[in-house]
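# A look at the structure
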Amino acid sequence: MRHFFAVVLAFVFIAAAQAAVLADHPLLPRLPGYDIHESGSSDGFDTVTLQDFKVKGKVEAKLPLVLQGRVTARAYTTSAPTRSNLQIYQNYETALLKAGAVQLNKGFTRSADEVRLGHHIFRLPAKAGQAPSHVLLYINSPQLYVLTVVEPAAMTQEIQVGELQDQLKSTGWATLYIEFDTGKAELRPESQGAINAISELLKQDPKLRISVDGHTDNVGDAAGNRKLSLARAQAVMAAVVAQGIPAARLSAKGFGPDVPIADNRREDGRAKNRRVELMRQP
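Overview of the structure. (Residues numbered from 1 in each chain as written. Predicted model: local features only at pLDDT ≥ 70, side-chain atom pairs only at ≥ 80, totals over all residues. Heavy atoms only, no water.)

### Looking at the pattern of salt bridges
Close approach of charged atoms allows side chains with opposite charge to pair. Evaluation of the coordinates by the stated rule reveals seven salt bridges. Of the charged contacts, one joins glutamate 93 and arginine 110 as a salt bridge, the two residues approaching to 2.6 Å between their closest N and O atoms. Remark: arginine 110 occurs in the loop between strand S6 (105–106) and strand S7 (119–123) and glutamate 93 occurs in helix H1 (residues 85–98); sequence separation between them is 17 residues. On the accessibility criterion, glutamate 93 (10% relative accessible area) is buried. (Salt bridge = Lys/Arg side-chain N within 4 Å of Asp/Glu carboxyl O. Helix = DSSP H or I, 4+ residues; strand = E, 2+ residues; numbered from the N terminus. Buried < 20%, exposed > 50% of the residue type's maximum accessible area, 1.4 Å probe, protein only.)

This is the structure we're talking about:
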């Protein structure tokens, strides 16, 4: 689940398996008569970034507003709507305010037309020792609305230093799938685990030198992708250096789409090609 907010938030999350049985979030059930649209719903650790043009009205907090944690997104649809946009909004507004939530977006007119096509953001009271949870409500029409709940949760560290060591020892390189927003080179918060693993790898082997090589799929201009892949590799290198690793032990290269490892005609192949490789240097 990686590129957020096209027109409807939940539709840009990677879909849950079609065979999965999706349920409402325990905090907020669906309105009667609506069904979960499976291809627009998912669960998992992720980051939600809200920009000005994606929020209904305005928020006082400085944008972009970045929310990270366990994300539960549900798109609800009906073929026979019995409620207006305003009724959908007021049902959830009332329920959330009763639960102690504060609405962060303001400056919109409470009418059937004005409450749609923008995210309403509610912040729930924080539990002891935790960050607050947030609820996002997006109303597309009486036929479709989306609820997204972002709860505080720690990311599960899946990249292990030992695995990187084994790959470098056996093949001379190790592949990492570090997530970036489309067309950008800024590291996302969930990339911190990979950065930590690279740093620890270098700390455990003081003689190790590596090249951080960036790769992309073949979508877009090849020259632009080479420049982008280099910028991403440099961002990874800079983050590792910031953890105390001498810059002389690392270098960065960008290959763009020139070294694919999978079929660029398929989305799963393009996803494999969008990668960062660590190459052992002499």
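Further notes follow.
### Focus on unusual backbone geometry
The phi dihedral of leucine 117 falls on the positive side, at around 60°, and the residue is not glycine. Secondary-structure assignment places leucine 117 in the loop between S6 and S7.

### Concerning the side chain of lysine 56
Here lysine 56 shows up in the loop between strand S2 (42–50) and strand S3 (58–59). Buried lysine 56, no salt bridge; nearest opposite-charge side chain is glutamate 114, N-O distance 4.7 Å. Once residues lying within four places of it in the same chain are set aside, the contact partners of lysine 56 are Asn105, Lys106, Phe108, Glu114, Val115, Arg116, Leu117, Gly118, His119 and His120. (Lys, Arg positive; Asp, Glu negative; His and termini not counted. Contact = heavy atoms within 4.5 Å.)

### A few points about the packing of aromatic side chains
A full pass over the atoms with the stated rule returns four aromatic pairs. Here tyrosine 34 and tyrosine 145 contribute two aromatic rings whose centre-to-centre distance is 5.1 Å and whose plane-to-plane angle is 70°, an arrangement assigned as edge-to-face. In this pair, tyrosine 34 is assigned in the segment before strand S1 (35–36) and tyrosine 145 in strand S9 (residues 144–151), connecting sequence segments 111 residues apart. Across this residue pair, the class does not change: tyrosine 34 and tyrosine 145 are buried. Plain terms: the ring middles of tyrosine 89 and phenylalanine 108 are 5.8 Å apart, the flat faces sit at 90° to each other, and that makes the pair edge-to-face. A residue pair is termed long-range when its members are at least 10 positions apart, and tyrosine 89 in helix H1 and phenylalanine 108 in the loop between S6 and S7 qualify at 19 residues. When sorted by exposure, tyrosine 89 lands in the same class as phenylalanine 108, which is buried. Through a chain of ring-to-ring contacts, the aromatic side chains of Tyr34, Tyr76, Tyr92 and Tyr145 assemble into a single cluster. (Phe/Tyr/Trp six-rings, centres within 6.5 Å; stacked < 30°, edge-to-face > 60°.)

### Concerning helix H3 (residues 192–204)
One turn of an α-helix holds 3.6 residues; hence residues three or four places apart share an orientation. The end-to-end C-alpha distance of H3 is 18 Å, a good match for the 18 Å that 13 residues give at a rise of 1.5 Å each. Tucked inside the fold, the buried residues of H3 contact helix H2 (161–171), strand S10 (173–176), strand S11 (209–215), helix H4 (222–241), strand S12 (250–256) and strand S13 (275–281). (Expected span 1.5 Å × (residues − 1).)

### Here's the deal with the packing of H2 against H3
The N-to-C vectors of H2 and H3 enclose an angle of 65°; their axes lie 9 Å apart at closest approach. Viewed along their axes, H2 and H3 form a crossing whose handedness is right-handed. Mapping the contact onto sequence places Val161, Leu164, Gln165 and Leu168 in H2 and Ala197, Ile198, Glu200, Leu201 and Gln204 in H3. Of the residues in the contact of H2 with H3, the class split is six nonpolar, two polar and one charged. (Axes fitted to C-alpha atoms, helices over the stretch in contact; angles between N-to-C directions. Left-handed = near helix turned anticlockwise from the far one by under 90°. Nonpolar A, V, L, I, M, F, W, Y, C, P; charged D, E, K, R; others polar.)

### Description of the sheet that holds S11
Ordered by their spatial adjacency, four strands build an open sheet running S10-S13-S11-S12, and the pairing between neighbours is mixed. Edge positions in the sheet fall to S10 and S12, since each has one partner strand and no second. Strand-to-strand twist of the sheet, defined as the mean angle between neighbouring strand axes without regard to direction, takes the value 20°. The sheet contact formed by S11 and S12 spans six bridges and is parallel. The residue bridging serine 211 from the neighbouring strand is serine 251, located in S12. Of the strands in this sheet, S10 and S13 touch H2, which is tilted by about 135° from S10. (Pairing = 2+ DSSP bridges.)

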